[in-house]
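# A closer look at the structure
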Amino acid sequence: MEIKEIQEEIIDEFSMFDDWMQRYEYMIELGKSLPLIKEEYKTEDNIIKGCQSKVWVHAELEDNKLVFTADSDAIITKGIIAILIRAFSNQKPQDILDADTQFIDEIGLKEHLSPTRANGLVSMIKQLKLYAVAYQTQIEE
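Residues numbered from 1 in each chain as written. Predicted model: local features only at pLDDT ≥ 70, side-chain atom pairs only at ≥ 80, totals over all residues. Heavy atoms only, no water.

The record held by UniProt for the protein chain lists under Sequence similarities (unreviewed entry) the comment "Belongs to the SufE family." (UniProt positions renumbered as here; feature names shortened; annotations may be inferred.)

Structure (structure tokens):
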């Protein structure tokens, strides 16, 4: 599936809920299905700066596609990174770089997070895009 299709799917899923408590619960559930980072990658280098919680993200290139794993010490944050990884994992670095993150606004996530969590969200997106920049240079054309 392309990034845009996955983002549309996420928007549809979030639109099924009437209120934000249900959406938070859903995000927590999504966090439980997060592809977990291996303990050996839970290092200072893989911590996302700018998050109030600890969030570790690791990326590997497989068949010219980036595969992300992550973890967090906070359940909501784990849900947020799970949403982002679902949208961007198993995609080509260039596609990640070209993708917009409008779907975050469409599900209303940013406006329902505390300012520090919203900053963390921006930092997570930035980190995923930085991985894409780094790995884009390693792809054989």
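There is more to say after this.
Note: strand 1 (residues 55-62) against strand 2 (residues 65-72), eight bridges, orientation antiparallel. The partner of Leu61 across the bridge, within strand 2, is Leu66. (Pairing = 2+ DSSP bridges. Helix = DSSP H or I, 4+ residues; strand = E, 2+ residues; numbered from the N terminus.)

Okay, the packing of aromatic side chains next. By the definition in use, this model includes five aromatic pairs. In textbook terms, an aromatic cluster arises when at least three aromatic residues are bridged by ring pairs, as seen for Phe14, Phe17, Trp20, Tyr24 and Tyr26. We note Lys42 situated over the ring of Trp56; from NZ or CZ to the ring centre the distance is 4.8 Å. (Phe/Tyr/Trp six-rings, centres within 6.5 Å; stacked < 30°, edge-to-face > 60°. Lys NZ or Arg CZ within 6 Å of the ring centre and 35° of its normal.)

Before going further, it helps to examine the packing of helix 1 (residues 3-15) against helix 3 (residues 75-88). The contact between helix 1 and helix 3 brings their axes to 8 Å, and the two run at 145°. Mapping the contact onto sequence places Ile3, Ile6, Gln7, Glu9, Ile10, Glu13 and Phe14 in helix 1 and Ile83, Arg86, Ala87 and Phe88 in helix 3. Its residues assigned to classes, the contact of helix 1 with helix 3 comprises seven nonpolar, one polar and three charged. (Axes fitted to C-alpha atoms, helices over the stretch in contact; angles between N-to-C directions. Contact = heavy atoms within 4.5 Å. Nonpolar A, V, L, I, M, F, W, Y, C, P; charged D, E, K, R; others polar.)

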